[in-house]
Amino acid sequence: MSSPILANVHSEIGELECVLVHTPGEEVEKMSPTNAHWALYSDIISRQEAQKEHTPFKGALGKISRVLEVKDLLREVLEQPEPKAELLAAVCPEEYPGLLEELKAMDANLLASRLIEGVERPTGRLADFQNGQRFAIPPLFNLFFMRDASMTVFNSVLLGSMASEVRRGEIAVLNAIYRYSKTIRAAVLDPRTVKGAHDLRVEGGDVHIAREDILLVGNGLRSSAEGVDYLVGQLLEKGLEKPLHVLVQELPHAPESFIHLDMVFTLLDRDRCMVYAPLILHSPQFHTIHLEVEPSGKRRIRYEHSLVDALRGLGMPLKPVLCGGAENGWNPDREQWHSGANFFSFAPGKIFGYARNTHTIEALSQNGFRVLRAADVASGKVNPMEGGRCVVTLDGNELPRGGGGCRCMTMPFARRRVEW
Ligand SMILES: NC(=O)NCCC[C@H](N)C(=O)O
C-alpha cells in the first residue's frame, strides 16, 4: 500500500497536488422551501442539475491534481471496526438505541451514504413530522462546500467550529476521516477540545494563507475573534520560525452572501486578487486589523487602511480585479451574490470560477486571464497548465444557490510551494 498523502498547504495559489471534494448527492434534495433557509441555502436545488454542473468541475480538477471524494474516504474509515463504532457513537442520538444497532449492521458503503444523506427519526411521531424535526441524523446539506468544515493550515488540518448547528454534523465525519484514513494524514487541531469557549467560531471560507508568514482571516457571521485567537494560539504552540502576520477583515452580517471572506476576496496570482470593491477597497465601517505575532509570543495589533494596502506593506503588492467589473453599481452586487468573487486557484494565475458572472470574467480577461471551459479541460481538449494566466469557467447556475462558489467547493490538502 502506498504511503499516505501528508497535509501541506502554505499558500492559496501554490500548484495543487491533492484536493478533497464532495459531489452533491441525495442530501441536497432533503429540503423544502420551509427548511431551505435553516439548511443555509438561498433556494431549494436539484441534485441532478447540481451534479451536472459539478461533474466537469471535478473532471477538470482531476486533470490537474489528485482528487479525493470525501465519501470514499469515509467508506475507508467505516471499514475499520473501531473508527466505525467511535463515529456512530458521536453522531447517533442516545435516544434511539435500536437505530444504533441498525446502523452498526450496515456495510461501509451503505453507512457512508446514510451518514451523508441523513437518517430519519424512527419514531414516526406526528409532532416530529409537523415541526420539521424529521431527522435523527440530519443530512449534511452543505458537505459539497468542502472548504468550510475543515481547513489545511500548513501541515495540520483545523476542524471548523461551525456557527450553525446544521453544519456541525460535518465535523464528526471529517474528524473520523482525518484521524483514521490511510490515504491522507494530518495533525488535527480540534477547537471542540477547548472548554467553555462558547464564542469560538472558525470556518474555512474565512481562512486564507496568503504567504507562509501571512494569514488572512474574515471576521463576521462565521468566524469570531475568539476563533482567530485560537488559531494563532495553536500556531504559536506548534512553533513559529518567523513573525506571523494575521490580517483580519471585518465582514458585515448581512446579506447572507457576505458569510465568508472568500465571498468578497480571493487570491488569484502572485500579483492579482479578486475583490468586491465596496467592501474591500472602500468601507470605512468594516476594518482591517493587523495582528503581528512574534515567535516569542509577543503581539502587536493595529488598524490598516485596507486588506490590499496591508498586503502591499508586507511585500505583496496585488492589483485588484473587480468583481462585477466595476467599483459600484448593480453588477458587483449581482455577481457577488452568485459567488462572483469566489475563485479557486490551482496554480499561480490559474483559477476556477462561475461562467455566469460575465462582467467579472471580462475583467479577468482584461487582466490577461485566458477564458477556458471546465468541460474542455475535463475532456482533455485544453490543458490549463500550458500558457499563462487562465480562468476555467463552469456553468454554475444551480450550485451557487447553495450559497457558494469554486473555492467553497474545494478543500486543498496539498500544494507545491510557491516561488515568490
Ligand atoms: N466558503 C463559503 O463561502 N462557503 C459557502 C457555504 C454555503 C453554505 N450554504 C453555508 O451557508 O454555510
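To be clear, the structure that these remarks concern was listed above.
Residues numbered from 1 in each chain as written. Predicted model: local features only at pLDDT ≥ 70, side-chain atom pairs only at ≥ 80, totals over all residues. Heavy atoms only, no water.

*Asks:* Tell me what's going on with the site of the ligand, and back it up with residues and numbers.
*Replies:* With respect to spatial proximity, 15 residues lie near the ligand, and among them Leu40, Asn142, Arg222, His260 and Gly402 are the closest. Leu40 places a polar main-chain atom, nitrogen or oxygen, 2.7 Å from a nitrogen atom of the ligand. Gly402 has a polar backbone atom sitting 2.7 Å from a nitrogen atom of the ligand. When grouped by side-chain class, the residues that make up the shell around the ligand number five nonpolar, six polar and four charged. (Near = heavy atom within 4 Å. Polar contact = N/O pair within 3.5 Å; in protein donor to acceptor, adjacent residues only side chain to side chain. Nonpolar A, V, L, I, M, F, W, Y, C, P; charged D, E, K, R; others polar.)

*Asks:* How would you sum up the pattern of salt bridges? Please name residues and give values.
*Replies:* Following the criterion strictly, the structure yields 31 salt bridges and no others. Residue Asp376 is joined to Lys381 by a salt bridge in which the shortest nitrogen-to-oxygen separation is 3.9 Å. The network of salt bridges with shared partners includes Glu292, Glu294, Arg300, Arg302 and Glu304. (Salt bridge = Lys/Arg side-chain N within 4 Å of Asp/Glu carboxyl O.)

*Asks:* Could you give an account of helix 3 (residues 81–91), with specific residues and numbers?
*Replies:* For helix 3, the complete set of buried residues consists of Pro83, Lys84, Leu87, Leu88 and Val91. Buried residues in helix 3, looked at end-on, bunch into an arc of 130°, giving them a common side. Within helix 3, the exposed residues directed more than 90 degrees away from the buried face are Pro81, Glu82, Ala89 and Ala90. In this structure, the buried side of helix 3 is in contact with helix 2 (70–78), helix 4 (97–104), helix 5 (108–117), strand 5 (135–137) and helix 7 (169–180). (Buried < 20%, exposed > 50% of the residue type's maximum accessible area, 1.4 Å probe, protein only. Helix = DSSP H or I, 4+ residues; strand = E, 2+ residues; numbered from the N terminus. Arc of directions from axis to C-beta. Contact = heavy atoms within 4.5 Å.)

*Asks:* I'd love a proper account of the packing of helix 2 against helix 3, names of residues and values included.
*Replies:* Packing of helix 2 against helix 3 brings their axes to within 7 Å, and their N-to-C directions diverge by 110°. The orientation of helix 2 with respect to helix 3, classified from their angle, is roughly perpendicular. Residues Leu74, Val77 and Leu78 of helix 2 form the contact with helix 3, whose participating residues are Pro83, Lys84 and Leu87. Taken together, the residues of the contact of helix 2 with helix 3 break down into five nonpolar, no polar and one charged. (Axes fitted to C-alpha atoms, helices over the stretch in contact; angles between N-to-C directions. Parallel < 35°, antiparallel > 145°, perpendicular 65-115°, else oblique.)

*Asks:* Before we move on, could you go through the sheet that holds strand 21 (residues 390–394) and cite the residues and values that matter?
*Replies:* Strand order across the open sheet formed by four strands is 18-19-21-20, with mixed pairing between neighbours. Two strands bound the open sheet, and with one partner strand each, they are strand 18 (344–347) and strand 20 (370–373). On average, each strand axis in the sheet is tilted by 30° relative to the strand beside it, whichever way the strands run. Sheet topology places strand 18 next to strand 19 (residues 350–354); three bridges connect them, and they run antiparallel. (Pairing = 2+ DSSP bridges.)

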